[in-house]
Amino acid sequence: MRLRVHVIEARNLPAMGGSGLSDPYAKLQLGRQRAKTKVTRKTLSPSWDEEFAFRVGDLKEELVVVVLDEDRYFSDDFLGQVKVPLSAVLDAQNRSLGTQWYQLLPKSRKSKTKDYGEIRLTISLSQNILEETAILAHCVSDDLASNSDKSTELQKGSSLPNIPIEISTSVSGGDEIENAMEDRLNGGPSFVNLLNKIFSVKPKDAEASAPPLSKNDGNLDILEETPSTSSELPDKQDYETDVTMSFEEQLKAFGSCHEGNKMPENLSGGVLIDQVYAVAPSDLNALLFSPSSDFLQSLAVMQGTTGLEIQQWKLENHGDILKRVVSYTKAPTKLVKAVKATEDVAYLKADGDMYAVLADVITPEVPFGNAFRVEVLTCILPGPELPDDEKSSRLVVSWRMNFIQSTMMKSMIENGAKQGLKDNYNQFSEFLSRNVRPVDSKDTAAADKDLSSVQPEQESDWKLAYRIFGNFTLVSSIIAFIYVFAHIVLASPGVIQGLEFPGLDLPDSVGEVIVCGVLVLQGQRVLNMIARFIQAKRQRGSDHGVKAQGDGWLLTVALIDATNLAAIKSSGYSDPYVVFTSNGKTKTSSIKFHTLEPQWNEIFEFDAMQDPPSVMKINVYDFDGPFDEVASLGHAEVNFLKSNISELADIWVPLKGKLAQACQSKLHLRIFLNNSRGADVMKDYLDKMEKQVGKKIVVRSPHTNSAFQKIFSLPPEEFLINDFTCHLKRKMLTQGRLFLSPRIIGFYTNLFGHKTKFFFLWEDIEDIQVIPPTLSSMGGPSLLIILHKDRGLDARHGAKQLDNEGRLKFHFQSFVSFNVAHKTIMALWKVRFMTPEQKVQLVEEESETEDLQNDESGSFLGIEEAKMSEVYSSTKPFDVLTLLDIFEGGPLEHQVMEKVGCIDYSASAWETVRVDTYQRQIHYKFDKRLARHEGKVMSTQQKSPLPDKNGWLVEEVMTLEGIPVGDYFNLHIRYQLEQVASKQKTCNVQALVGIAWLKSCKSRKKITQEVLSNASLRLKKIFSLLEKECA
């Protein structure tokens, strides 16, 4: 986006010279960009008529225009200034403030001078660099441009790369020249000027009180809406050609006007998609942006987007601009209602091999929607060579957010927009993969290309020796050795005295003792240097550049450099080297001596790993000889589950540790993780697990895995192995589901609209213990998972306690089938860290023929909001407090529940979860004599007063065990107990029931009807018995 400023003239400026006149000129500044006009001699009403363009980086900045009086011998005098915020320009109609007179203001309000004069400016924002380039390239003819004052300061501050800026200076040549310049500036006569000619409105020199019509008022969007009549379009032939041109012809015309333009860099918000596809760049561009393609329409249907309107591509300004407008209504979510969005889409580059398209997205209806704009850049580049000479394309989509207004919600808005864009483009990528084949890592050398710039430094033995021995220590040691040797040659043997005997010559004075000590220390330092040289020579290049072996998960790390490392040695420097560890495998870098800013440029490839790596540990050490204890310069950890793989392709990793954090040390890495087995990774992993554990594991559907990944924000390669219904024990029991995958164990629940979710790595687990059944665990055993010290801290809100050793402990109980859950968890944990001998022993111990059936078999959909239906409503002849006894856990509740077929009924005491909100747990069994099925029920109840304090609201989430398809859903019940105002001992009871489906099921409708019917009968029986007991 570019800010265009036309400095026209000024009037009534203060006089600074002795003659009562001034030599005024104007200086402009936007952020760090500066420009100035020419100097007009001896006048108080200068006329400049110069135009400038600035790149807009931050919409919170403001344009500052200062008028100065040139002084040849002293500093220039201040005449006045004006400040215009960019937000005012963006909010103006057509993004233009038009031509106005601006009052010049003093530097300080304390200034005694009241009148500083006025300056006339035209200020507007252009959409992109193409529009700005077209305007500057055609604003004036060459003979007029030659009269411009091309300031060196302006050229340095120009925001247009590789485009010389020409400042247009008006020359008195009549209305014809001015009109011609106006037409060329706008790419044709503007709609407003046409209306001027037709209706004879005020001339364009009108004051700001009546908005004037100047060159900058002509807007391209208005021109597009102008009817094409012969009187309104002098360039009728060009217009008709644009209308009849095909999309391919428009691209060629646009590309011919922008030959040699560089591809834009990725936007600062981050990369959303970076994927290679087996399709030519031109074909991929046509699929995504051609008017004849139905890709966007099909994507809108999949995403639930409505009201999609795609305008035709329009080629403007003689081929300099190719743009269109897309509008649509995004589908509503649980947090945001359906909102309308408009995208201004424009090509930045199109040469047949490379394409760049920028979309400016406006969503004014979302919360704080008027405070920001979102830009999305889509780049299509030639991909790597594929087998059989097949062409490929690399699609890179990046984004950034521009804030127009300052807001305290900036961080929340950015995070929400980032998550929304990630979800949207995940669906985009998935849908695109159905149309064109994504290129797998084994078919491409994309990572090799990215690493091609990393060239290890080839250091000779002489250079290495110079780096180690080229210091004062070695020189002083050599001098001392020569001196001592010369003394031995010149001196005669001394007389044996004291405790000496032949062959043993002891020091005869304190001075000799000191000299001997110095010589010993010098000799030790020389020996240490020799040992360091031998160690460094052996370590140098030991495994650098060695290709990975095997087939599986391939981890490649490029160590580029480091900055601000801590100084350990007395010399003020360190000898750093780096150790990488992942899945028990280690790679070590070379040593860089005597530096705090080391440059490595080394590549490490880990041998193929059968298990996907969860983390990579990084340790930076200072080398101090092969025998001394190493000193740590810092450490870090890369979590592949919490990091985007595309973001790891070029990343600065901050080091942790006291020294590293004090110095703000950072490590520059490029990390690539690929799976050479492609789409069969899930099947291969499960097959391997079955062989190691000796049991069958059911493969989950893609939809199930997608839902699982979305809950915990996991990368697409992570997949679900099993999930179990259970309770998380903290201060209170929380009902939810436990999820198991190759790298994580996670917990998720959504009770009464409050979500709790967390996960930790299998590597984080130190021990898993089985706790025998207790009354508090509802009569079933529990699992206690203990993490290593200082591990899994992101999940601390789900832990029951933090012990004295700094270890988090997680307590899970009330599993539907504890044996199945325990075996699965133990197998996944042990198999990941056991030796091959231990794995064989485990298979022999657990070689039963039974299958490890998922007790939660079916497609997991996540805990969704239940659709509530009223099943019971009645008026009772007693007050609310009496009715509430059925929820107090006393004798009345037990008596009523036992009569309706609930045996072993137990209820915990109500506990406060927040102000005026209480929660308890219930557990019972169905009496087989009264119910069709003998099953168990685990229930969580929550009560809170009604808003008018005239009653209570009781909500219940019920989990059914041992009942057919009972594990497919949770039952939600809502009781509303309200006192009748007109009668003291009368209350209304209303009960609503809903089903929250946990898995897909073909008989949903039938099951729902049966559950609602049974729930209605059961509730009627409960309240009838209550009424009899209270009578």
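Numbers given to residues run from 1 along each chain, matching the order in which its sequence is written. Residue-level local features of this predicted model are given only where pLDDT is at least 70; pairs of side-chain atoms are given and counted only at 80 or more, and the full residue set underlies all totals for whole chains, interfaces and linings. Side-chain numbers come from the whole structure's heavy atoms, not from hydrogens or water.

- Looking at an unreviewed UniProt entry, one finds the protein named C2 and GRAM domain-containing protein and attributed to Zizania palustris.
- The UniProt entry for the protein carries this comment under Subcellular location (unreviewed entry): "Membrane". UniProt positions are given in the numbering used here, feature names are shortened, and annotations may be inferred rather than shown by experiment.

### A closer look at the overall build of the protein
Then, in step 1: From N to C terminus, the protein includes 24 helices and 40 strands.
Then, in step 2: For the exposure calls, accessible area comes from a 1.4 Å probe over protein chains only, and a residue counts as buried if that area is under 20% of its type's maximum, exposed if over 50%, partly exposed in between. The buried share of the protein, reckoned over its 1031 residues, is 49%.
Then, in step 3: Whether two residues are in contact is decided by their heavy atoms, any of which lying within 4.5 Å being enough. In the protein, 63% of the contacts between residues at least 6 apart in sequence involve partners at least 24 apart.
Then, in step 4: Accessible surface is estimated by sampling points in the Shrake-Rupley manner with a 1.4 Å probe; for residues, cover comes only from the protein chains shown. Accessible surface, the protein: about 52,000 Å² in total, of which carbon and sulfur atoms supply 53%. In DSSP terms, a helix is any run of H or I states spanning at least four residues, a strand is any run of E spanning at least two, and both are numbered starting from the N terminus.

### So, helix α15 (residues 472–490)
Then, in step 1: Taking 1.5 Å as the rise per residue, α15 with 19 residues should run 27 Å; its terminal C-alpha atoms sit 27 Å apart, in good agreement.
Then, in step 2: Those residues of α15 that fall on the buried side of the exposure criterion are Thr-473, Ser-476 and Ser-477. Relative to the axis of α15, the buried residues are bounded by an arc of 100° and lie together on one face. When the buried face of α15 is taken as reference, the exposed residues oriented beyond 90 degrees from it are Ile-479, Ile-482, Phe-485, Val-489 and Leu-490. Here, expected helix span is obtained from the residue count minus one, scaled by 1.5 Å. Our arc is simply the arc of the directions from the helix axis toward the C-beta atoms.

### A few points about the pattern of salt bridges
Then, in step 1: For salt bridges, the criterion is a side-chain nitrogen of Lys or Arg within 4 Å of an Asp or Glu carboxyl oxygen. Taken as a whole and judged by the stated rule, the model has 25 salt bridges.
Then, in step 2: Among the salt bridges present, the one from Arg-95 reaches Asp-360, with a minimum N-O distance of 3.2 Å. With Arg-95 in the loop between α1 (86–91) and β7 (96–103) and Asp-360 in strand β14 (residues 355–362), this residue pair connects regions lying 265 residues apart in the sequence. We note that Arg-95, like Asp-360, is buried.
Then, in step 3: Between Arg-743 and Glu-718 there is a salt bridge whose closest N-O contact spans 2.7 Å. Of this pair, Arg-743 sits in the loop between β26 (733–740) and β27 (744–751) while Glu-718 is found in the loop between α19 (702–712) and β25 (722–729), placing the two residues 25 residues apart along the sequence.

### A look at the packing of aromatic side chains
Then, in step 1: Classification of ring pairs rests on two measures: the distance between centres of Phe, Tyr or Trp rings, Trp counted by its six-membered ring, which must be within 6.5 Å, and the angle between planes, read as stacked under 30 degrees, edge-to-face over 60 and tilted in between. In the structure shown here, the tally under the stated rule is 27 aromatic pairs.
Then, in step 2: Judged by centre distance (6.4 Å) and plane angle (20°), the ring pair of Phe-481 and Phe-485 falls under stacked. Of this pair, Phe-481 and Phe-485 both sit in helix α15, separated by four residues, roughly a single helical turn. Phe-485 carries the same exposure label as Phe-481, and that label is exposed.
Then, in step 3: Members of the aromatic cluster, each reached through a chain of ring pairs, are Phe-247, Phe-254, Phe-289, Trp-313 and Tyr-347.
Then, in step 4: A cation over an aromatic ring shows up here: Lys-36 above the ring of Tyr-25, its NZ or CZ 5.9 Å from the ring centre.
Then, in step 5: Counted as over-ring charges are cases with an Arg CZ or a Lys NZ within 6 Å of the ring centre that also lie within 35 degrees of the ring normal. Over the aromatic face of Trp-952 sits the side chain of Lys-943, whose NZ or CZ is 5.2 Å from the ring centroid.

### Quick word on unusual backbone geometry
Then, in step 1: The phi torsion at Asp-790 lies on the positive side, around 60°, for a residue other than glycine.
Then, in step 2: Residue position: Asp-790 is located in the loop between β30 (782–787) and β31 (801–802).

### Re the packing of helix α23 (residues 891–899) against helix α24 (residues 1004–1030)
Then, in step 1: Interaxial angle, 0 to 180 degrees, is taken between N-to-C directions of lines fitted to C-alpha atoms, where a helix line uses only the stretch in contact. Taken N-terminus to C-terminus, the directions of α23 and α24 make an angle of 135°; their axes are 10 Å apart at the nearest point. Our classification of the angle between α23 and α24 gives oblique. Once α23 is placed against α24, the crossing between them reads as right-handed. Contacts from Leu-892, Gln-895, Val-896, Met-897 and Lys-899 of α23 reach α24 at Arg-1018, Lys-1021, Ile-1022, Leu-1025, Leu-1026, Glu-1029 and Cys-1030. Relative orientations are named as follows: roughly parallel for angles under 35 degrees, roughly antiparallel for angles over 145 degrees, roughly perpendicular for angles from 65 to 115 degrees, and oblique for any other angle. Helix crossings get a hand from a simple test, with the near helix turned counterclockwise from the far one by less than a right angle marking a left-handed crossing and a clockwise turn marking a right-handed one.

### A word on the side chain of Glu-375
Then, in step 1: As for its position among the elements, Glu-375 is in strand β15 (residues 372–382).
Then, in step 2: Polar contacts involving the side chain of Glu-375 include one to the side chain of Arg-400, which spans 2.7 Å.
Then, in step 3: Pairs of N or O atoms within 3.5 Å make up the polar contacts considered here, provided that, within protein, one atom can donate a hydrogen while the other can accept it, and that residues adjacent in sequence are counted only when both atoms are side-chain atoms. For Glu-375, the side chain forms a polar contact with the side chain of Asn-402, separated by 3.4 Å.
Then, in step 4: Beyond its immediate chain neighbours, meaning those up to four positions away, Glu-375 contacts Leu-267, Leu-358, Ala-359, Asp-360, Ser-398, Trp-399, Arg-400 and Asn-402.

### Structural notes on the layout of surface pockets
Then, in step 1: If you add up the space inside the second largest pocket, you get close to 1,000 Å³.
Then, in step 2: Points on a 1 Å grid over protein atoms alone make up a cavity when a 1.4 Å probe fits among them but cannot get out, and a pocket when they form an open set with protein on both sides within 12 Å along at least five of seven lines; lining residues each have an atom within 4 Å of a point. What lines the second largest pocket is a set of 40 residues, and nearest its centre among them are Phe-926, Ile-963, Asn-1014, Ala-1015 and Arg-1018.
Then, in step 3: At the level of elements, α23, β36 (917–926), β38 (951–961), β39 (969–979) and α24 are the ones that each hand at least two residues to the lining of the second largest pocket.
Then, in step 4: Here the element with the most residues in the lining of the second largest pocket is α24; it accounts for twelve residues. Grid points are joined across faces, edges and corners, and a volume is the space filled by probe spheres set on the points.

### So, the confidence of the model for the protein
Then, in step 1: A residue's pLDDT is simply how confident the predictor is in it, with values from 0 to 100. Mean pLDDT over the protein stands at 76; residues scoring 70 or higher make up 76%.
Then, in step 2: Per-residue pLDDT, averaged within each element of the protein, yields its smallest value for helix α7 (residues 220–224) (31) and its largest for strand β2 (residues 24–30) (93).
Then, in step 3: Within the model, pLDDT remains below 50 along residues 441–446, and this stretch shows eleven contacts once partners closer than five positions in the same chain are excluded.
Then, in step 4: Segment residues 541–546: pLDDT under 50, and eleven contacts once partners within four positions in sequence are set aside and those in other chains are kept.

### Points about the nonpolar core
Then, in step 1: Ranked by size, the top nonpolar core spans 46 residues in total, and within it Leu-288, Tyr-347, Leu-395, Phe-428 and Leu-432 carry the most contacts.
Then, in step 2: Broken down by element, this core gets its largest block of residues, seven residues, from helix α12 (residues 410–435).
Then, in step 3: If we skip the residues at most four places from it in the chain, Leu-432 touches Tyr-277, Leu-284, Leu-287, Leu-288, Phe-295 and Leu-395.
Then, in step 4: Among the buried residues, those of types Ala, Val, Leu, Ile, Met, Phe, Trp, Tyr and Cys that are joined through side-chain atoms within 4.5 Å form a nonpolar core. Membership of the second largest hydrophobic core comes to 43 residues, among which are Leu-892, Val-896, Ile-973 and Ala-991.

### Thoughts on the pairing of strand β32 (residues 808–813)
Then, in step 1: Counting buried positions along β32 yields six of six residues, so the element is predominantly enclosed.
Then, in step 2: Residues Leu-808, Phe-810 and Phe-812 of β32 are buried on one face, and the alternating residues Lys-809, His-811 and Gln-813, pointing to the opposite face, are buried as well.
Then, in step 3: Here the rule is simple: two strands pair whenever DSSP picks up at least two bridges between them. Summarising the sheet, β25 and β32 pair through three bridges and their orientation is antiparallel. Across the sheet, the residue bridging to Lys-729 is His-811, located in β32.
Then, in step 4: Two strands pair when backbone bridges link them, and β30 and β32 are joined in this way by four bridges, in the antiparallel orientation. Note on β32: the bridge partner recorded for Leu-783 is Phe-812.
Then, in step 5: Bridge analysis of β31 against β32 gives two bridges, and the strand direction is antiparallel. Paired with Gln-801 across the bridge in β32 is Lys-809.
Then, in step 6: Connecting β31 to the antiparallel partner β32 that follows it, the hairpin turn spans five residues, and Gly-806 within it adopts a positive phi of roughly 80°.

### Quick notes on the environment of Lys-323
Then, in step 1: With respect to the helices and strands, Lys-323 occurs in strand β12 (residues 321–330).
Then, in step 2: Given a relative accessible area of 12%, Lys-323 falls into the buried group.
Then, in step 3: Put simply, Lys-323 and Gln-311 are twelve residues apart on the chain and 9.3 Å apart in space, counted from C-alpha to C-alpha.

### Describing the sheet that holds strand β1 (residues 2–11)
Then, in step 1: With antiparallel pairing, the four strands of this open sheet are ordered in space as β4-β1-β8-β7. The outermost strands of the open sheet, each flanked by one partner alone, are β4 (47–55) and β7. The average undirected angle you get between the axes of adjacent strands in this sheet is 20°.
Then, in step 2: By the bridge criterion, nine bridges tie β1 to strand β8 (residues 118–126) in an arrangement that is antiparallel. Following the sheet pairing, Ala-10 is matched in β8 by Ile-119.

### Here's the deal with the sheet that holds strand β24 (residues 666–675)
Then, in step 1: Spatially, the four strands line up as an open sheet ordered β20-β17-β24-β23, and their pairing is antiparallel. Two strands bound the open sheet, and with one partner strand each, they are β20 (599–605) and β23 (651–654). The mean inter-strand angle of the sheet, taken between neighbouring strand axes irrespective of direction, is 25°.
Then, in step 2: Bridge analysis of β23 against β24 gives four bridges, and the strand direction is antiparallel. The residue of β24 that forms the bridge with Trp-652 is His-668.

### A few points about helix α9 (residues 247–257)
Then, in step 1: Looking at α9, one finds that the buried residues are Phe-247, Gln-250, Leu-251, Phe-254 and Gly-255. The buried residues of α9 occupy an angular sector of 130° when projected down its axis, which confines them to one face.

### Points about the environment of Phe-1023
Then, in step 1: Following the sequence through the fold, Phe-1023 ends up in helix α24.
Then, in step 2: When its relative accessible area of 2% is taken as the criterion, Phe-1023 is described as buried.
Then, in step 3: Distance from Phe-1023 to Val-896, taken between C-alpha atoms, is 8.8 Å for residues 127 residues apart in sequence.
Then, in step 4: Setting aside its immediate chain neighbours within four residues, Phe-1023 contacts Tyr-872, Lys-876, Leu-883, Tyr-975 and Val-989.

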